[in-house]
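One-letter residues, chain by chain:
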Amino acid sequence: MPGCRRSRGVETAMGGEQQSENTGPAPVLPRAALADPRGLVLHLAAVKWALGAIRAFVRLGVADHLVAGPATAADLARAVGVDASRLGRVLAAVATAGVLDEDAGGRFALTPASDGLRTGGAGGFRDILLLLTDPLLWRPHEDVAHTVRTGQTAFEHLYGEPFYDHLRADDAASALFDRAMAQIDGPETFALFDGVEFRRIADVGGGRGSFLAELLRRNPGREGAVCDHPLAIAGAAEEFRRCGVADRAVAIEADFFRAVPPGFDTYLVKRSLQNWDDPAAVRALRTVRAAVGDDAGARLLIVNHVLAGPGVPDPGKLSDVEMMAVLGGRERTWADWTRLAADAGFAPRGEPAPGRLTLLTFRPT
Ligand SMILES: C[S@@+](CC[C@H](N)C(=O)[O-])C[C@H]1O[C@@H](n2cnc3c(N)ncnc32)[C@H](O)[C@@H]1O
């Protein structure tokens, strides 16, 4: 069962960062635009237009009708049951944004990007796009200034409750969130685990268990548990079956602020702690430390972005704003990570390079 995991490596602010190769300025800033101050600002403002069109393209399911080959706006409008002229204008915008191809005859064709936006396409990232452009995650960005002024998240200001309380009270939003998170990791995340030995791993805050499922598939004979909110793990059995690891994986309902199950040699907390402020992140880590108990050989693995220092462009500095305005969380430097871990009773092994998604290893002290 090669590659039971369907995604191929788009990352997201909710998950902590936006691209796998952090080699220069933040990914939303084209290098050429940096030389033209007015052009740069207008380009950034126009990203809104592109995203609005791409979201419509995805919601209308247009990509699904391009699998058979190129088609005109009229063909596609017939297929999805909308007005051809209005759809054509949206498609032209999507093509201008580089997500579709359009030829001189007005025929549209899938690119690798739009192919990834098909329903159920292998390696797809449709749900990530839908989640990131959903009003739940879009509207707080309209009022980041509120958060800066008051310290209250723009999310709570808008929706009257913290993000996860709101999300988990809504089955449809919950399902979209968990599907999107299941699309978040590409080969570069799994590469972080090359050479990482474990017997029994607990993926704490592991969502639907899709990462755990693929990790176990790549590590025959190993066992694991995904520990998360009941709605998040509702799809775990399906993920485990799809990856052929149902006999080695379990899903356990857990609140990482209260208790996580003991008895694992490796505890993984991936792309979750950035959702929380320092006191809450330490509380979650202390819960893991309690589960570790006196097993000095156990390990805590944190997979998160490690922020680059001042003056270094870093996509984490963009997702940090989402963490602040939506969740009251934050992206962190290596010094931050070691301080939080020390407060919870863990000491680091090694020091990673900043500016990218990284696997951080800690031992209990
Ligand atoms: C940003 S998602 C990351 C999911 C997954 N680890 C990944 O890397 O794709 C954060 C996860 O933390 C979970 N979470 C939030 N609060 C939690 C809590 N109190 N106890 C357990 N899990 C929690 C969410 O349900 C969600 O699955």
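Residues numbered from 1 in each chain as written. Predicted model: local features only at pLDDT ≥ 70, side-chain atom pairs only at ≥ 80, totals over all residues. Heavy atoms only, no water.

- By the naming in an unreviewed UniProt entry, the chain is Putative O-methyltransferase, taken from Saccharothrix espanaensis.

Details of the layout of surface pockets
Phase 1 of the analysis: If you add up the space inside the second largest pocket, you get close to 780 Å³.
Phase 2 of the analysis: Lining the second largest pocket are 41 residues, with Tyr164, Arg168, Asp228, Phe256 and Trp276 sitting closest to its centre.
Phase 3 of the analysis: Per-class residue counts for the lining of the second largest pocket are 19 nonpolar, 9 polar and 13 charged. (1 Å grid on protein atoms, 1.4 Å probe; cavity = no way out; pocket = protein on both sides within 12 Å on 5 of 7 lines; lining within 4 Å. Points joined across faces, edges and corners; volume = space filled by probe spheres on them. Nonpolar A, V, L, I, M, F, W, Y, C, P; charged D, E, K, R; others polar.)

Quick notes on the sheet that holds strand 8 (residues 299-306)
Phase 1 of the analysis: Strand order across the open sheet formed by 7 strands is 6-5-4-7-8-10-9, with mixed pairing between neighbours. Single-partner strands in this sheet number two, and they are strand 6 (249-253) and strand 9 (346-349). Sheet twist, expressed as the average angle between the axes of neighbouring strands with direction ignored, equals 25 degrees.
Phase 2 of the analysis: By the bridge criterion, 5 bridges tie strand 7 (residues 266-270) to strand 8 in an arrangement that is parallel. Across the sheet, residue Lys270 finds its bridge partner in strand 8, namely Val303.
Phase 3 of the analysis: Helix 12 (residues 210-218) rests against strand 4 (200-204), strand 5 (223-228), strand 6 and strand 7 of the sheet, and its axis sits at about 175 degrees to strand 5. (Pairing = 2+ DSSP bridges. Helix = DSSP H or I, 4+ residues; strand = E, 2+ residues; numbered from the N terminus. Axes fitted to C-alpha atoms, helices over the stretch in contact; angles between N-to-C directions. Contact = heavy atoms within 4.5 Å.)

Brief notes about the domain arrangement of the chain
Phase 1 of the analysis: By domain assignment, the chain separates into domain 1 (1-20 + 120-365) and domain 2 (32-118).
Phase 2 of the analysis: Measuring from the centre of the C-alpha atoms in domain 1 to the corresponding centre in domain 2 gives 31 Å.
Phase 3 of the analysis: Contacts between domain 1 and domain 2 engage 12 residues on the former and 12 residues on the latter.
Phase 4 of the analysis: For the pair domain 1 and domain 2, the summed buried area comes to about 1000 Å², and 63% of that belongs to carbon and sulfur atoms.
Phase 5 of the analysis: Among the residues domain 1 hides against domain 2, the three largest losses belong to Arg126, Leu129 and Trp138. Together they make up 42% of the total.
Phase 6 of the analysis: There are 1 salt bridge connecting domain 1 and domain 2. (Domains from an automatic or database assignment. Buried area = accessible area lost by both parts, 1.4 Å probe. Salt bridge = Lys/Arg side-chain N within 4 Å of Asp/Glu carboxyl O.)

Some points on unusual backbone geometry
Phase 1 of the analysis: Positive phi values are uncommon outside glycine, yet Arg271 reaches one of about 50 degrees.
Phase 2 of the analysis: Its place among the elements puts Arg271 in the loop between strand 7 and helix 15 (278-292).

Digging into the pattern of salt bridges
Phase 1 of the analysis: Taken as a whole and assessed by the stated rule, the structure comprises 19 salt bridges.
Phase 2 of the analysis: Between Asp83 and Arg86 there is a salt bridge whose closest N-O contact spans 4.0 Å.
Phase 3 of the analysis: Between Arg179 and Asp127 there is a salt bridge, with its nearest N and O atoms 3.4 Å apart. With a gap of 52 residues between them, Arg179 in helix 10 (residues 171-182) and Asp127 in helix 5 (residues 126-132) connect regions that are remote in the sequence.

Description of the site of the ligand
Phase 1 of the analysis: In the region of the ligand, 19 residues are neighbours, and Arg168, Gly205, Asp228, Phe256 and Lys270 sit closest.
Phase 2 of the analysis: With respect to the ligand, the side chain of Asp255 contributes an N or O atom lying 2.9 Å from a nitrogen atom.
Phase 3 of the analysis: Relative to its unbound accessible area of 590 Å², the ligand is 94% covered by the protein chains.
Phase 4 of the analysis: Under a 2 Å grid-point criterion requiring more than half of the atoms, the pocket assigned to the ligand is the second largest pocket.
Phase 5 of the analysis: Looking at the shell around the ligand, the elements with two or more residues in it are helix 9 (163-168) and helix 10.
Phase 6 of the analysis: A breakdown of the residues in the shell around the ligand according to their chemical character gives 9 nonpolar, 5 polar and 5 charged. (Near = heavy atom within 4 Å. Polar contact = N/O pair within 3.5 Å; in protein donor to acceptor, adjacent residues only side chain to side chain. Areas by Shrake-Rupley, 256 points an atom, 1.4 Å probe, with all protein chains shown as cover. Sits in = over half its atoms within 2 Å of the grid points.)

Overview of the UniProt feature "domain: O-methyltransferase C-terminal" (unreviewed entry) in the chain
Phase 1 of the analysis: UniProt feature "domain: O-methyltransferase C-terminal" (unreviewed entry): in the numbering of this structure it lies at residues 143-347.
Phase 2 of the analysis: Between the end C-alpha atoms of residues 143-347 the distance is 38 Å, and the span holds 46% helix and 15% strand. (UniProt positions renumbered as here; feature names shortened; annotations may be inferred.)

Examining the state of the cysteines
Phase 1 of the analysis: Applying the stated rule across the entire model yields 0 disulfides.
Phase 2 of the analysis: Here Cys227 is not cross-linked by a disulfide; its sulfur's nearest cysteine counterpart is in Cys243, at 17 Å. (Disulfide = S-S within 2.5 Å.)

Here's the deal with the packing of helix 1 (residues 37-59) against helix 3 (residues 84-96)
Phase 1 of the analysis: At their nearest, the axes of helix 1 and helix 3 sit 9 Å apart, and the two run at 120 degrees to each other. In terms of their interaxial angle, helix 1 and helix 3 are classed as oblique. Where helix 1 crosses over helix 3, the handedness of that crossing is left-handed. Residue-level inspection shows Ala53, Ile54, Ala56 and Phe57 of helix 1 in contact with helix 3, the latter providing Val90, Leu91, Ala93 and Val94.
Phase 2 of the analysis: Residue composition of the contact of helix 1 with helix 3, by class: 8 nonpolar, no polar and no charged. (Parallel < 35°, antiparallel > 145°, perpendicular 65-115°, else oblique. Left-handed = near helix turned anticlockwise from the far one by under 90°.)

Section: the environment of Leu359
Phase 1 of the analysis: Residue placement: Leu359 occurs in strand 10 (residues 356-364).
Phase 2 of the analysis: C-alpha of Leu359 to C-alpha of Thr287: the two residues are 72 residues apart in sequence and 20 Å apart in space.
Phase 3 of the analysis: Other than its neighbours up to four places away in sequence, Leu359 contacts Leu192, Phe193, Val196, Leu301, Ile302 and Val303.

Some details on the packing of helix 15 against helix 17 (residues 334-344)
Phase 1 of the analysis: At a closest axis distance of 8 Å, the pairing of helix 15 and helix 17 adopts a crossing angle of 50 degrees. As the angle between them shows, helix 15 and helix 17 are arranged oblique. Read as a crossing pair, helix 15 and helix 17 show a hand that is right-handed. Residues Asp278, Ala281, Val282, Leu285, Arg286 and Arg289 of helix 15 touch helix 17, and the partners they reach there are Arg339, Leu340, Ala341, Asp343 and Ala344.
Phase 2 of the analysis: In terms of residue class, the contact of helix 15 with helix 17 is built from 6 nonpolar, no polar and 5 charged.

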